[in-house]
Amino acid sequence: MSKANRVLIIGGGVGGLAAAIGLHQRGIAVEVVERDKDWKVYQVGIIVQANFVRALNMLGLGDRAVAAGYAYRGARFLDIDGNVLKELPGDTAVDGLPSDLGLTRPALHKVLTEKVRALGIPVRLGVSFDSLCDDGDGVDVKFTDGTCGRYDLVIGADGNYSAVRKALWPEAKPQYTGQGVWRYNVPRPEGLEWADIYIGKDKGKAGYCPLTPEEMYIFAVFEEPGNPRFPAATLAAEMRRRLEGYGGILAEAARHVTDPSLVVYRPLEACIMPAPWYQGRIVLIGDAAHSATPHLGQGAAMAVEDAVVLAEEVAEREVDSALAAFMERRFERAKLVGLSSIRLGEWEMHPESAGDPMQLTDQIRKKLAEPV
Ligand SMILES: Cc1cc2nc3c(=O)[nH]c(=O)nc-3n(C[C@H](O)[C@H](O)[C@H](O)COP(=O)(O)OP(=O)(O)OC[C@H]3O[C@@H](n4cnc5c(N)ncnc54)[C@H](O)[C@@H]3O)c2cc1C
């Protein structure tokens, strides 16, 4: 196979846009199709760490990501009364940039979309694929708007419910892990400079993370037997019920959870694909390849790391050896994050046989600080 000159990215989210920027910067012609005609993202907060900042910095966007978010000192584990058990401070090893950030998903989207637009990368909104036909020399793609194209490489960056994954690996589906996550934005108490995780309550955990100088978000992750669906009007009461019994800042913050329409509830699902994440000239990245639960706050970082590594390898080598090298560099790391996230959730649901979540989280943070 020759080197890729023309690449299609299906999905204009975190990984797809990062891949588009990385490939374009290496002189490769790249196009993006995004299913959502409005290109909207959830109004939620996300937590990111040093490896996310480093990966975005490799795309020249580290300082913009930091400016778009709120840099805090690191993560702390607390008991249910709010006493600090362990601090996991961030570091400034990434070109002096802070490592631990809270940022809103729309703020991250803005950083990425502004760069894509500034580079002039073609993005077609409201468009997906109808069919992908890889004949060994290229991939013929029929799009939902009736157009066609031929590409040297197709990247499926279409998230947790990936249609590209479904087309190539129909048996692979996200599985419910037994927990759900509740999120709500509240005012940030002045002086709060940590993301706090309160542990020790049966079947789950809760905490908060600064997002802006004015705002933080509360999260609560609990076992939700039977994967229930909650009537929209009950969401604030349901979330408050899960936050009962906590002390410290969380007790005060929980009082702000009043508007059911502002609660974001998601059942937790994971789909960690075995290697390889490619067939021929079609490859998956990000959640499409390895969606995990949010226990380590690593979904966005893993997607951007995939994108950076894939862009490096595709620019260097012929398509088949680039994809093999990509897998070699990405598989164990993404699997470690995915399986460790799921294990943390299992420990929360089965405290009688649990290991130490503080020790595991610390170990993974240190591992992820190593270069990709
Ligand atoms: C509520 C919530 C909170 C989260 N919190 C955190 C956090 O704190 N920290 C963290 O690191 N991660 C967090 N994540 C996970 C993180 O957002 C994902 O891991 C990350 O966005 C993965 O990037 P991606 O590019 O693989 O997928 P996405 O960013 O989901 O992008 C996929 C894109 O593909 C598009 N698409 C889907 N299907 C098609 C199709 N058939 N054709 C064309 N386009 C398509 C979608 O519209 C979307 O734009 C959270 C996720 C959610 C939902």
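Residues numbered from 1 in each chain as written. Predicted model: local features only at pLDDT ≥ 70, side-chain atom pairs only at ≥ 80, totals over all residues. Heavy atoms only, no water.

Per an unreviewed UniProt entry, the chain is named FAD-binding monooxygenase, and its organism is Novosphingobium subterraneum.

**Some points on helix H2 (residues 50-58)**
Under the convention used in this document: Partly exposed residues are those whose accessible area sits between 20% and 50% of the maximum for their type, while under 20% is buried and over 50% is exposed, using a 1.4 Å probe and protein chains only. Only DSSP runs of H or I reaching four residues or more are called helices, and only runs of E reaching two or more are called strands; each is numbered from the N terminus.
The element H2 is extensively covered by neighbouring structure, given that seven of its nine residues are classed as buried. Positive backbone phi, at 80 degrees, marks Gly 60, one or two positions downstream of H2.

**Here we look at the packing of helix H9 (residues 299-316) against helix H10 (residues 319-349)**
Worth spelling out the cut-off: Here an axis means a line fitted to C-alpha atoms, over the contact stretch when the element is a helix, while the angle between two N-to-C directions is reported on a 0 to 180 degree scale. Should an angle fall under 35 degrees it is taken as roughly parallel, and over 145 as roughly antiparallel, whereas 65 to 115 is taken as roughly perpendicular and any remaining angle as oblique. Here is the rule for handedness: rotate from the far helix to the near one, and if that takes an anticlockwise turn smaller than a right angle the crossing is left-handed, while a clockwise turn gives right-handed. Throughout, a residue-residue contact means that at least one pair of heavy atoms, one from each residue, lies within 4.5 Å. The classification used treats Ala, Val, Leu, Ile, Met, Phe, Trp, Tyr, Cys and Pro as nonpolar, Asp, Glu, Lys and Arg as charged, and all other residues, Gly among them, as polar.
Contact pair H9 / H10: the axes reach a minimum separation of 9 Å and the direction vectors enclose 165 degrees. One element, H9, and the other, H10, form an angle in the roughly antiparallel class. Judged by the sense of rotation from one axis to the other, the crossing of H9 with H10 is right-handed. Touching Met 302, Glu 305, Asp 306, Val 309, Leu 310, Glu 312, Glu 313 and Val 314 of H9 are Ala 322, Leu 323, Ala 325, Phe 326, Arg 329, Arg 330, Arg 333, Ala 334 and Val 337, all from H10. Its residues assigned to classes, the contact of H9 with H10 comprises ten nonpolar, no polar and seven charged.

**Let's talk about the domain arrangement of the chain**
Condition: Domain extents, as shown, originate in an automatic or database domain assignment. Just to be clear on terms, a salt bridge is a Lys or Arg side-chain nitrogen sitting within 4 Å of an Asp or Glu carboxyl oxygen. For this analysis, a polar contact is any N or O atom pair within 3.5 Å, provided that within protein one partner can donate a hydrogen and the other can accept it, and provided that sequence-adjacent residues contribute only side-chain to side-chain pairs.
Along its sequence, the chain is carved into domain 1 (6-70 + 98-173 + 269-368) and domain 2 (176-268). A straight line from the C-alpha centre of domain 1 to that of domain 2 covers 26 Å. On the side of domain 2, 25 residues touch domain 1, which itself brings 21 residues to the contact. Joining domain 1 to domain 2, the criterion identifies one salt bridge. Lys 205 is the salt-bridge partner of Glu 348, the closest N and O atoms lying 3.0 Å from each other. Inspection of the domain 1/domain 2 interface yields eight residue pairs in polar contact (both at pLDDT 80 or more). Every element with two or more residues in the side of domain 1 that touches domain 2 is listed here: strand E3 (45-48), strand E7 (101-104), strand E17 (264-272), H10 and helix H11 (357-368). When the residues that make up the side of domain 1 that touches domain 2 are grouped by side-chain class, the tally is twelve nonpolar, seven polar and two charged.

**Brief notes about the sheet that holds strand E1 (residues 6-10)**
Condition: Any two strands with at least two DSSP-identified bridges between them are counted as paired.
Strand order across the open sheet formed by six strands is E8-E2-E1-E12-E19-E18, with mixed pairing between neighbours. Strand pairing shows two members of the sheet lacking a second neighbour, strand E8 (123-125) and strand E18 (278-279), which therefore form its edges. Strand direction decides the pairing type here: strand E12 (residues 153-156) and strand E19 (residues 282-284), joined by three bridges, are parallel. Within the sheet, the bridge partner assigned to Val 154 lies in E19 and is Ile 282.

**As for the pattern of salt bridges**
A full pass over the atoms with the stated rule returns 24 salt bridges. Arg 333 is paired through a salt bridge with Glu 305; the nearest N and O atoms lie 2.8 Å apart. On the criterion of sequence distance, the pair formed by Arg 333 in helix H10 and Glu 305 in helix H9 is long-range, its members being 28 residues apart. As a salt-bridge pair, Arg 329 and Glu 313 come within 2.7 Å of each other at their nearest N and O atoms. With Arg 329 in helix H10 and Glu 313 in helix H9, this pair connects stretches of sequence that are 16 residues apart.

**Some thoughts on the side chain of Arg 330**
With respect to the helices and strands, the residue Arg 330 is situated in helix H10. When its relative accessible area of 0% is taken as the criterion, Arg 330 is described as buried. Here the side chain of Arg 330 touches Met 302 through a polar contact of 3.4 Å, landing on its backbone oxygen. Contact partners of Arg 330, with chain neighbours within four places excluded, come to Trp 277, Met 302, Glu 305, Asp 306, Val 309 and Val 372.

**Structural notes on the environment of Thr 293**
Looking at the secondary structure, you find Thr 293 in the loop between helix H8 (287-290) and H9. Taking relative accessible area as the criterion, Thr 293 reaches 6% and is therefore assigned buried. Taking C-alpha positions, Thr 293 is 9.4 Å from Cys 271, a pair spaced 22 residues apart along the chain.

**Observations regarding the packing of aromatic side chains**
Keep this limit in mind: Any two of the Phe, Tyr and Trp rings considered here, Trp counted by its six-membered ring, make a pair once their centres fall within 6.5 Å; the pair's planes then place it as stacked at under 30 degrees, edge-to-face at over 60, or tilted in between. To sit over a ring, a charge needs its Lys NZ or Arg CZ within 6 Å of the ring centre and within 35 degrees of the ring normal.
Scanning all chains against the criterion turns up nine aromatic pairs. Seen from their ring centres, Trp 277 and Phe 326 are 5.9 Å apart, and the 70 degrees between their planes marks the pair as edge-to-face. In this pair, Trp 277 sits in the loop between E17 and E18 while Phe 326 sits in helix H10, placing the two residues 49 residues apart along the sequence. Each member of the pair Trp 277 and Phe 326 is classed as buried. Through a chain of ring-to-ring contacts, three or more aromatic side chains come together here, namely Trp 182, Phe 230 and Tyr 265. Between Arg 124 and the ring centre of Phe 143, over which it is positioned, the NZ or CZ distance is 4.4 Å.

**Description of the site of the ligand**
The condition that has to hold: Near is defined per residue: the residue qualifies when any heavy atom it owns lies within 4 Å of the molecule or strand. Each accessible area value is a Shrake-Rupley result obtained with a 1.4 Å probe; residue values ignore everything except the protein chains displayed when judging cover.
Close to the ligand lie 30 residues; Gly 15, Glu 34, Ile 47, Ser 128 and Asp 287 are nearest. Take Gly 297: an N or O atom from its main chain is 3.4 Å from an oxygen atom of the ligand. Between the ligand and Gly 299 there is a distance of 3.0 Å, counted from an oxygen atom to a backbone nitrogen or oxygen. Protein chains bury 86% of the 1,000 Å² of accessible surface belonging to the ligand in isolation. Residue assignment for the shell around the ligand shows that the elements contributing at least two residues are helix H1 (14-25), strand E2 (29-34), E3 and H9. Here the residues of the shell around the ligand are counted per class, giving twelve nonpolar, eleven polar and seven charged.

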